Amino acid sequence: MEYPTHSPRKFLGMLQQYRETQLLFAGISLKVFDYLKHDTSAEKIASMTEYNERNLTLFLNSLAAIGLLEKNNHQFRNTPETELFLNQNSPYYLGEYLTFWNKMTGLDQVEELVRLGPDPAIQEQNQGKELFDFRKLARLTAVEARTGRVQSFLRAAAQFVEPTAPLRILDLGGGSGMMAIEFARQFPLASGVIFEQPGVADVPEEFVAEGHLEHRLSIMRGDFMTDPIGGNYDLIIASGILDFANANLKELTAKIAQALTPSGYLYLVSHRVSDDYISPKESIVGWLSSHLAGLDILQTRSNIELALTSAGFRKTEIKPLDGAIQSLMGEFYTLSK
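Residues numbered from 1 in each chain as written. Predicted model: local features only at pLDDT ≥ 70, side-chain atom pairs only at ≥ 80, totals over all residues. Heavy atoms only, no water.

K.L.:
Can you walk me through the overall build of the protein in this structure?
P.N.:
Looking only at helices and strands, one finds 14 helices and ten strands in the protein. Its C-alpha atoms give the protein principal-axis dimensions of about 65 × 55 × 40 Å. Taken across its 337 residues, the protein has 44% of its residues classed as buried. Sequence-distant contacts, at least 24 apart, represent 71% of the contacts inside the protein between residues at least 6 apart. Surface accessibility of the protein: about 18700 Å² in total, with carbon and sulfur atoms responsible for 53%. In the protein, 31 side chains carry a positive charge and 41 a negative one; their mean positions are 4 Å apart. (Helix = DSSP H or I, 4+ residues; strand = E, 2+ residues; numbered from the N terminus. Buried < 20%, exposed > 50% of the residue type's maximum accessible area, 1.4 Å probe, protein only. Contact = heavy atoms within 4.5 Å. Areas by Shrake-Rupley, 256 points an atom, 1.4 Å probe, with all protein chains shown as cover. Lys, Arg positive; Asp, Glu negative; His and termini not counted. Charge placed at Lys NZ, Arg CZ, Asp CG, Glu CD.)

Structure (structure tokens):
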């Protein structure tokens, strides 16, 4: 018998990663991380939750084994990252966001959809309203945005925006509106508009009110693909929206160009999908469930760049940022002179 020259380690590793992900979501659902800010025994947690002490101990051991907890002398506690993002008492709690995103992009029905094909109604509409709760997504991304995306945007913008510049901004399809809200906080003379669809717009409206920024940030309701978006903006934030412009991509980029001042900037975040639709894997796999269901919503990076060039945009070079937020930074564009 000839032995194989390749190892199945890749597939075994994927299986292990799947099991670890199951443990993560079980921990979120059981809320065990809420009890582990400090060293705590399984016995004490069991007495507070009425969970089975034996099996809870085994479960906590597994969470420690995969690096979500620390264990010392039969006492467990959260790692710094777990405490920050998985304890419900943390202002940066992401458990609900992770659970929602996992449900929204889950692949439980992949076999059935591959066999039977997409839903004809979803394929015809191609809007995603039947699949996604955009309002809830906007609310949950408010915290997620502040775990790196906002910081990278602000630090990059600070390279060419004067701290006291009286800028007028537009956060187009802004979701929670957190990009515009945090920009307004950092640049005290900035003001502008958060544009969202009517069913979502009350979410950024609430966050603007919480931040006492109603006198500087207004909410515009509508469909930015077809409705007017205003004009005379010094900065337009387009985070993830061009990827989903479909047949309207060229018209939307032209509309954005017309809405900018001659010296204005476009801040663009896209999924950077390759022409062969196999990279980046996070985007391809992350949106697979919606594509299998019938949506056709991801534009390639080359299509987006072509539309931007046709609208008169050119990329502006930004100095690299330090740390992990570099990978979260979008791109800045200006209008060609």
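On we go from here.
K.L.:
Sorry, what's going on with the pairing of strand β4 (residues 168–172) here?
P.N.:
It is a general feature of regular strands that their side chains alternate between the two faces of the sheet. Burial analysis of β4 places four of its five residues in the buried class, which makes it a mostly covered element. As defined by bridge partners, β4 adjoins strand β5 (residues 191–196) across five bridges and the pair is classed as parallel. Looking at β5, one finds that Arg-168 is bridged to Ser-191. In terms of strand pairing, β4 meets strand β7 (residues 233–239) through three bridges, oriented parallel. Of the residues in β7, the one forming a bridge with Leu-170 is Ile-236. (Pairing = 2+ DSSP bridges.)

K.L.:
Would you take a moment to explain the pairing of strand β8 (residues 260–269) for this structure?
P.N.:
Pairing of β7 with β8, which is carried by six bridges, proceeds in the parallel orientation. Along β8, the bridge assignment pairs Ser-239 with Val-269. In this fold, β7 hands off to helix α11 (residues 249–259), which returns the chain to β8; that crossover is right-handed. In this structure, β8 lies alongside strand β10 (residues 331–335), joined through four bridges in antiparallel fashion. Across the sheet, residue Tyr-267 finds its bridge partner in β10, namely Phe-332. (Right-handed = clockwise from strand over helix to strand, strands pointing away.)

K.L.:
Looking at this structure, how should I read the packing of aromatic side chains?
P.N.:
The relative placement of two aromatic rings is captured by the distance of their centres and the angle of their planes. Under the criterion given, the structure shown has twelve aromatic pairs. An aromatic cluster is defined as three or more aromatic residues linked by ring pairs; in this entry it consists of Phe-153, Phe-160, Phe-183, Phe-187, Tyr-265, Tyr-267 and Phe-332. (Phe/Tyr/Trp six-rings, centres within 6.5 Å; stacked < 30°, edge-to-face > 60°.)

K.L.:
Mind showing me how you'd approach the side chain of Thr-253 here?
P.N.:
Among the structural elements, Thr-253 can be located in helix α11. Excluding its chain neighbours within four sequence positions, the residues that come into contact with Thr-253 are Leu-242, Ala-307, Leu-308, Ala-311 and Phe-313.

K.L.:
Just checking my understanding: could you explain the sheet that holds strand β2 (residues 69–72) for this structure?
P.N.:
Hydrogen bonds along the backbone pair up the strands of a sheet, which may run parallel or antiparallel. On the basis of which strands lie adjacent, the open sheet formed by three strands has the order β1-β3-β2 and antiparallel pairing. Here the strands that pair on one side only, and so sit at the sheet edges, are β1 (40–41) and β2. Packed on one face of the sheet, helix α3 (residues 53–65) meets β2 and β3 (75–78) and runs near 115° to β2. (Axes fitted to C-alpha atoms, helices over the stretch in contact; angles between N-to-C directions.)

K.L.:
How should I be thinking about helix α8 (residues 134–157) in this particular structure?
P.N.:
Owing to its 3.6 residues per turn, the α-helix aligns residues three or four sequence positions apart on the same side. If you check α8, its first and last C-alpha atoms are just 27 Å apart, much less than what 24 residues at 1.5 Å a residue would give, namely 34 Å. Of all the bends in α8, the largest measures some 65° and sits at Ala-145. (Expected span 1.5 Å × (residues − 1). Bend = angle between axes of the 7 residues up to and from the residue.)

K.L.:
Sorry, what's going on with the environment of Lys-136 here?
P.N.:
Relative to the assigned elements, Lys-136 resides in helix α8. On the basis of relative accessible area, Lys-136 is assigned to the partly exposed category, the value being 30%. Between the C-alpha atom of Lys-136 and that of Ser-176, which follows or precedes it by 40 residues, the distance is 9.6 Å. If we skip the residues at most four places from it in the chain, Lys-136 touches Glu-96 and Phe-100.

K.L.:
Would you mind showing me how to read the sheet that holds β4 here?
P.N.:
Spatial strand order, β6-β5-β4-β7-β8-β10-β9: seven strands in an open sheet with mixed pairing. In this open sheet, the two strands that pair with only one neighbour each are β6 (217–221) and β9 (313–316). Across the sheet, the mean angle separating the axes of adjacent strands is 25° when strand polarity is ignored. Each of β4, β7, β8, β9 and β10 touches α11; the most contacted strand, β8, lies at about 135° to it.

K.L.:
Would you mind going over α11 with me for this structure?
P.N.:
What α11 keeps buried is the set Leu-249, Leu-252, Thr-253, Lys-255, Ile-256, Ala-257 and Ala-259. Where the residues of α11 are buried, they touch β4, β7, β8, α14 (301–310), β9 and β10.

K.L.:
Where do I start with a nonpolar patch on the surface in this structure?
P.N.:
A contiguous nonpolar patch, built from Leu-107, Val-285 and Leu-288 and spanning about 210 Å² of accessible area, is present on the exposed surface. Structurally, the position occupied by Leu-107 is in the loop between α5 (95–105) and α6 (110–116). (Patch = residues over 30% accessible without salt bridge, like charges linked within 9 Å, V, L, I, M, F, W, Y side chains within 5 Å. Salt bridge = Lys/Arg side-chain N within 4 Å of Asp/Glu carboxyl O.)

K.L.:
Looking at this model, I keep getting lost on the nonpolar core. Mind explaining?
P.N.:
Nonpolar side chains tend to gather and get buried jointly when the protein is soluble and globular. Ranked by internal contacts, the top residues of the largest apolar core, which has 36 residues, are Phe-153, Ile-181, Phe-183, Leu-217, Leu-235, Tyr-267 and Phe-332. Looking at this core, the elements with two or more residues in it are α8, α9 (178–186), α10 (202–210), β6 and β7. Among the elements that line this core, the one with the most residues is α8, at eight residues. (Core = buried A, V, L, I, M, F, W, Y, C linked by side-chain atoms within 4.5 Å.)

K.L.:
Even after reading the chapter, I still don't get the pattern of salt bridges, so can you show me in this structure?
P.N.:
Side chains that carry opposite charge are capable of pairing whenever their charged atoms lie near each other. This structure, assessed with the given rule, holds eleven salt bridges. Of the charged contacts in the structure, one is a salt bridge between Glu-182 and Arg-185, with a shortest N-O distance of 2.6 Å. In this pair, Glu-182 and Arg-185 are both assigned in helix α9, three residues apart and thus about one turn of the helix distant. Its relative accessible area of 14% is what places Glu-182 among the buried residues. What makes Arg-185 partly exposed here is its relative accessible area of 46%. Note that Arg-221 is salt-bridged to Glu-205, the shortest N-O span being 3.0 Å.

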